[in-house]
Amino acid sequence: MSNSVENLYRLDGRVPLGKALPFGLQHVLAMFVSNITPIMILAAAVGLDSAISAALIQNCMVIAGIGTLVQLFPVWRVGSRLPIVMGISFTFLSLAISIAGAYGMGTLIGAVIVGGLVEGTLGLFVKYWIKLIPHVVSATVVTAIGFSLLPIGANSFAGGQGATDFGSMSNWIVGSVTLLACLLCQVFAKGFLRSLSVLVGLVVGYVLSCFMGMVDFGGLSGQSIIALPRILPFTPEFNVGAILSVVAVYLVSATETIGDTSALCNSALKRDPATREMGSAICCDGFVSSVSGLFGCTPITSFSQNVGLAAISGVVNRFTISVGAVVMIIGGVFPVIGAALTTIPQAVLGGCTIMMFGSILFAGFGMMARAGFSQRNMVIVSLSLSMGLGFTQATGMFAIFPEIVRTVFAENCVAVVFLLAVVLNLVLPKKVQGEM
């Protein structure tokens, strides 16, 4: 197997470790805070003690690394062999807080384990139902994912939702300088430096925020040198209602994985994903989420921000991204590494991710162009996006529905867009009146 820096832009082949490390680290930094944030919010909402919370944060880093390695280097039919980065999903957060608050963490973990097995099994039989998701549906879902990420990037740019200094001048300065550094590197740099534009912007923003006194190093003190992940911190319990609710959200997670896989293949690999690849990606999503439950964590899924990073940088090499996955696992085993990464201010991350999220939108537009701008496709795309994006901005209109419907759809535009696109594709005639 060749060992060349040119392999950075190829799926296979080895890259010298010294070159692979910064590119792999770039992928870790793009998703690190988003990976640990759901666990931090869940732990605070449920009232877990600090020791358990720290163990769960450590575990979620390890499971993200394991999930990414499985996607890159499949085990049987589990894993897509695509440069997909996995991490703890925000999609399950509100339901997880509700279940854990009402029944305890054991019931939540039991539902996560069973639901993951259901999603993984669906992935094994993807060829029987993937025809429900033609190109126009995939393009619509990818576009919805891009739109749904924009507020996340904007909130980070302003300092992080709920921050006391949200929208402050210091956050505006750091976010803007970070974004400008990314943009200048992307436009004017050549060769490998251009592919590292996000990492360059992050370093520039981090150094600036240090000089501005925005970085808190207090969390680095008192960290143990090494700590092994804790298996089964909660005893699983099985509640039918909780399981059914979580399974419903797993279907949404599978939808997002299909969209991310389609966006990655179309934008970074310049081709459509194979049916086997989508099914294997869903298998990894589900089965590794069950493993995540054994670590006391909520389900994992593909990370859209890393899809955007692959589209911008062109780096798709599996070995290179596996180096980043190993860094995540090491960060879980050596707590001081994870603690150091958590010192990156939200404004820096926001400045890095704004353009990445926009690239996912661009990928969705490109997929629409390939699907064609027929009258039928116009109806599917426009109605799905307008209702999905519009209705979920007015969450109160879902108040008349049962709780499980509100949980799955009220604040999840991707789920609404996907459902509408599938239904419209099934019920609309193949030739809409007025088409030639």
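This text goes with the structure placed above it.
Residues numbered from 1 in each chain as written. Predicted model: local features only at pLDDT ≥ 70, side-chain atom pairs only at ≥ 80, totals over all residues. Heavy atoms only, no water.

J.: I'm lost on the overall build of the protein in this one. Help?
T.: Along the protein, the regular secondary structure elements total 17 helices and two strands. The C-alpha atoms of the protein give a radius of gyration of 21 Å, which matches the 22 Å a tight globule of 436 residues would have. Considered along the principal axes of its C-alpha atoms, the protein spans approximately 65 × 55 × 50 Å. In the protein, which comprises 436 residues, the proportion classed as buried is 55%. Once local pairs closer than 6 in sequence are excluded, the contacts in the protein between residues at least 24 apart make up 82%. Accessible surface computed for the protein: about 18,100 Å², of which carbon and sulfur atoms make up 69%. (Helix = DSSP H or I, 4+ residues; strand = E, 2+ residues; numbered from the N terminus. Rg over C-alpha atoms; globule rule 2.2 N^0.38 Å. Buried < 20%, exposed > 50% of the residue type's maximum accessible area, 1.4 Å probe, protein only. Contact = heavy atoms within 4.5 Å. Areas by Shrake-Rupley, 256 points an atom, 1.4 Å probe, with all protein chains shown as cover.)

J.: Can you walk me through the pattern of salt bridges in this structure?
T.: As a working rule, side chains carrying opposite charge can pair if their charged atoms are close by. This structure, assessed with the given rule, holds three salt bridges. Across the salt bridge formed by arginine 81 and aspartate 12, the nearest N and O atoms sit 2.7 Å from each other. Here arginine 81, found in the loop between helix 2 (50–72) and strand 1 (86–88), pairs with aspartate 12, found in the segment before helix 1 (17–46); they are 69 residues apart in sequence, far enough to count as distant. Under the relative-accessibility criterion, arginine 81 is labelled partly exposed at 33%. (Salt bridge = Lys/Arg side-chain N within 4 Å of Asp/Glu carboxyl O.)

J.: Any chance you could explain the packing of helix 3 (residues 93–103) against helix 4 (residues 105–124) here in plain terms?
T.: Each pair of packed helices gets described by two things: the angle between the helix axes and the distance between those axes. Running from amino to carboxyl end, helix 3 crosses helix 4 at an angle of 135°, the nearest separation of the two axes being 6 Å. As judged from the angle between their axes, helix 3 and helix 4 are oblique. From helix 3, Ala96, Ile99, Ala100 and Tyr103 reach across to helix 4, where they touch Met105, Thr107 and Leu108. Among the residues forming the contact of helix 3 with helix 4, the class breakdown is six nonpolar, one polar and no charged. (Axes fitted to C-alpha atoms, helices over the stretch in contact; angles between N-to-C directions. Parallel < 35°, antiparallel > 145°, perpendicular 65-115°, else oblique. Nonpolar A, V, L, I, M, F, W, Y, C, P; charged D, E, K, R; others polar.)

J.: Would you take a moment to explain unusual backbone geometry for this structure?
T.: Leaving glycine aside, a negative phi is the common case for residues, and trans is the common case for peptide bonds. Even without being glycine, arginine 81 reaches a positive phi, approximately 65°. Of note, lysine 270 is a non-glycine position whose phi angle comes to about 60°, a positive value. Looking at the secondary structure, you find lysine 270 in the loop between helix 9 (240–267) and helix 10 (275–294).

J.: Quick question: what am I supposed to make of the state of the cysteines here?
T.: Two cysteines joined by a covalent bond between their sulfur atoms form a disulfide. On inspection of all chains with the given rule, the structure shows zero disulfides. Cysteine 185 carries a free sulfur, and the closest cysteine sulfur to it, the one in cysteine 182, is 7.8 Å from it. Under the relative-accessibility criterion, cysteine 185 is labelled buried at 8%. (Disulfide = S-S within 2.5 Å.)

J.: Could you clarify how one ought to interpret helix 8 (residues 197–211) in this entry?
T.: Owing to its 3.6 residues per turn, the α-helix aligns residues three or four sequence positions apart on the same side. With 15 residues, helix 8 should cover 21 Å at 1.5 Å per step; its first-to-last C-alpha distance of 21 Å lies within 8% of that length. Residues of helix 8 that are buried: Ser197, Val198, Leu199, Gly201, Leu202, Gly205, Tyr206 and Ser209. Phi turns positive one or two residues past the end of helix 8, at glycine 213, with a value near 70°. (Expected span 1.5 Å × (residues − 1).)

J.: For this particular structure, what's the right way to read the nonpolar core?
T.: One broad rule of soluble globular proteins: the nonpolar side chains tend to lie buried together. In this structure, Met105 and Leu108 are the most contacted members of the largest nonpolar core, which totals 122 residues. Ranked by residues supplied to this core, first place goes to helix 9 with 12 residues. The contact partners of methionine 105, leaving out residues within four places of it in the chain, are Leu42, Val46, Leu48, Ala100, Phe234 and Gly296. (Core = buried A, V, L, I, M, F, W, Y, C linked by side-chain atoms within 4.5 Å.)

J.: Where do I start with the side chain of serine 80 in this structure?
T.: Mapped onto the secondary structure, serine 80 falls in the loop between helix 2 and strand 1. A relative accessible area of 0% means that serine 80 is categorised as buried. Polar side-chain contacts of serine 80 include one of 3.0 Å to the side chain of glutamine 71. A polar contact is formed between the side chain of serine 80 and the backbone nitrogen of leucine 82, at a distance of 3.2 Å. (Polar contact = N/O pair within 3.5 Å; in protein donor to acceptor, adjacent residues only side chain to side chain.)

J.: Explain the environment of leucine 48 to me, please; I cannot follow it from the model alone.
T.: In this structure, leucine 48 sits in the loop between helix 1 and helix 2. In sequence terms leucine 48 and methionine 105 are 57 residues apart; their C-alpha atoms lie 9.5 Å from each other. When near neighbours in sequence (up to four residues on either side) are disregarded, leucine 48 contacts Ala43, Ser53, Leu56, Met105 and Phe234.

J.: What exactly am I supposed to notice about the packing of helix 4 against helix 9 here?
T.: One way to put it is that helix 4 packs onto helix 9 with a least axis distance of 8 Å and a crossing angle of 45°. Considered as vectors, helix 4 and helix 9 are oriented oblique to each other. In the packing of helix 4 onto helix 9, the handedness of the crossing is right-handed. In this structure, helix 4 contributes Thr107, Ala111, Val112, Val114, Gly115, Gly116, Val118, Glu119 and Leu122 to the contact, and helix 9 contributes Ala242, Ile243, Val246, Val247, Tyr250, Leu251, Ser253 and Ala254. Partitioning the contact of helix 4 with helix 9 into residue classes produces 12 nonpolar, four polar and one charged. (Left-handed = near helix turned anticlockwise from the far one by under 90°.)

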